[in-house]
Amino acid sequence: MIELKDITKVFRHKNRITTALSGVSLYVPKGKIVGVIGESGAGKSTLIRCVNLLERPSSGEIYVDGQNLTQMSESQLAKARRNIGMIFQHFNLLSSRTVFDNIAFPLELDKTPKSEIIIRVKELLKLVGLEEKANDYPSKLSGGQKQRVAIARTLASNPKVLLCDEATSALDPATTRSILSLLKEINKRLDITILLITHEMDVVKEICDEVAVISDGQLIEQGTVADIFSHPKAALTKQFIASSLHMEIPVDYQENLVASPQAGKHPLLQLEITGQSVDAPVLSEVARLFNIDSNIINARMDYVGGMKFGVMLVEFISSAENENRAIEFLKSKNIKVEVLGYV
Ligand SMILES: Nc1ncnc2c1ncn2[C@@H]1O[C@H](COP(=O)(O)OP(=O)(O)OP(=O)(O)O)[C@@H](O)[C@H]1O
């Protein structure tokens with residue numbers, strides 16, 4: 001549905017040249033949700049703005065729904081852009097218009113008859129769960145409600161593609177989850193393909209089918225979310241994943257934690273369990289084989305791209321030799337083991 005072919009974007013400002021994107025190729029299949037993740041300044045905004053030519057690439061080609069946007073005249077482009085909705089971090093609502101009138105705006109520009117506008121806006125208000133707020137002004141809405149209005153407004157033109165530019169970055173975690181689940185519903189119910197950019201792996205984990213990692217203007221890794229989570233290659237990808245699987249160590253454990261082995265102390269481990277190991281009874285195996293008492297401090301099961309993913313903080317209590325043998329045993333079962341210290 002979206003294809004970026006060898007996109008390069010160079011900004012020239014006075015005598016400074018910035019290469020924001022360098023040879024970026026990305027394929028977004030119809031009906032999928034694809035995320036591009038990267039740190040600040042990596043080129044995410046430039047990339048997503050190139051898709052609808054808000055930013056014209058210096059070289060390369062952009063295809064949306066089979067049409068080459070980079071070769072279109074302005075009037076052809078204006079028409080093609082109706083298939084491409086976009087939502088932003090700061091919502092971009094018109095403050096002098098009510099919720100209803102904000103959503104109606106693109107339909108008015110399109111000269112849609114008034115009676116049709118009323119029916120369509122009511123449908124959209126229902127879809128985003130804001131029927132009660134139709135006559136309110138944006139200043140009276142929460143961030144999450146504002147983003148719902150922005151989503152309804154962009155859906156008014158029946159786009160085939162939705163571009164999300166850090167759409168949840170200004171929202172708290174609970175509101176973020178509700179907006180992400182609305183986006184997922186839109187993707188499934190309306191068959192709208194979504195390309196989003198984010199700096200948070202949790203967003204990718206929550207709704208994306210595929211992910212690409214951008215660093216310094218280049219895509220350094222891409223694949224299905226399940227694959228990337230279970231076999232990340234680039235150091236940056238590993239860093240993003242680690243941040244999303246991170247588990248807080250409880251304060252009383254933190255106070256007792258030391259970096260190297262000590263008599264009377266035992267290893268505190270973070271285990272990341274994927275693939276076949278998820279359903280294997282590994283803790284009872286280490287208990288049996290190495291006489292380990294496991295003290296589970298925190299544990300969570302995530303579903304990432306349809307794959308089960310377990311993370312656990314656990315203290316292993318036995319002799320030092322058995323503790324080490326148990327750790328090696330877990331590693332041999334493809335469990336990622338990190339010794340956080342000794343408690
Ligand atoms: N209009 C512009 N003129 C000059 N340089 C620009 C322009 N827009 C972006 N850049 C530069 O291009 C690089 C990529 O910026 P971009 O905004 O795409 O990154 P980003 O990953 O979206 O970052 P952030 O998450 O902080 O928004 C940066 O070095 C930035 O300074």
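Values in this document were obtained by computation on a predicted structure and should not be read as measured data.

Rules of the game
- The residue numbers shown here count from 1 along each chain, following its written sequence.
- Thresholds applied to this predicted model are a pLDDT of at least 70 for local features of residues and 80 or more for the giving and counting of side-chain atom pairs; totals over whole chains, interfaces and linings are not thresholded and use all residues.
- For side-chain calculations, the full set of non-hydrogen atoms in the structure is used, while hydrogens and water are omitted.
- Where each domain starts and ends follows an automatic or database-derived domain assignment.
- The contact criterion used is simple: two residues touch if any of their non-hydrogen atoms lie within 4.5 Å.
- Buried area: the accessible surface (1.4 Å probe) lost by two parts on joining, summed over both.
- Salt bridge, as used here: a side-chain nitrogen of Lys or Arg that lies within 4 Å of a carboxyl oxygen of Asp or Glu.
- Polar contact is defined as a pair of N or O atoms within 3.5 Å, subject to the rule that within protein one atom must be able to donate a hydrogen and the other to accept it, and that residues adjacent in sequence are counted only when both atoms are side-chain atoms.
- In these notes, residues near a molecule or strand are those with any non-hydrogen atom within 4 Å of it.
- A 1.4 Å probe and the Shrake-Rupley method give the accessible areas. Residues count as covered only by the protein chains that appear here.
- Each helix corresponds to a stretch of at least 4 residues labelled H or I by DSSP, and each strand to a stretch of at least 2 residues labelled E; elements are numbered beginning at the N terminus.
- Think of it as three bins: nonpolar holds Ala, Val, Leu, Ile, Met, Phe, Trp, Tyr, Cys and Pro, charged holds Asp, Glu, Lys and Arg, and polar takes everything else, Gly as well.

> An account of the domain arrangement of the protein chain is needed here, citing residue identities and associated values.
Domain annotation for the protein chain reports domain 1 (2-243) and domain 2 (246-342). For domain 1 and domain 2, the distance between their C-alpha centroids amounts to 39 Å. Taken together, the contacts link seven residues of domain 1 with nine residues of domain 2. Of the roughly 680 Å² buried between domain 1 and domain 2 on both sides combined, carbon and sulfur atoms contribute 62%. The three residues of domain 1 that bury the most area against domain 2 are Lys-205, Ala-226 and Phe-229, which together make up 56% of that side's buried surface. Taken together, the links from domain 1 to domain 2 amount to one salt bridge. With a closest N to O distance of 3.0 Å, Asp-302 and Lys-205 form a salt bridge. At the surface where domain 1 touches domain 2, the tally comes to two residue pairs in polar contact (both at pLDDT 80 or more).

> Please give an account of the site of the ligand that cites residues and values.
Taken together, the residues surrounding the ligand are Phe-11, Thr-18, Ala-20, Glu-39, Ser-40, Gly-41, Ala-42, Gly-43, Lys-44, Ser-45 and Thr-46. With respect to the ligand, the backbone of Gly-41 contributes an N or O atom lying 2.7 Å from an oxygen atom. When the free accessible area of the ligand is taken as 630 Å², the share hidden by the protein chains comes to 60%. Considering every element that reaches the shell around the ligand, the biggest residue donor is helix H1 (residues 44-51), with three residues. Looking at the shell around the ligand, its residues break down into three nonpolar, six polar and two charged.

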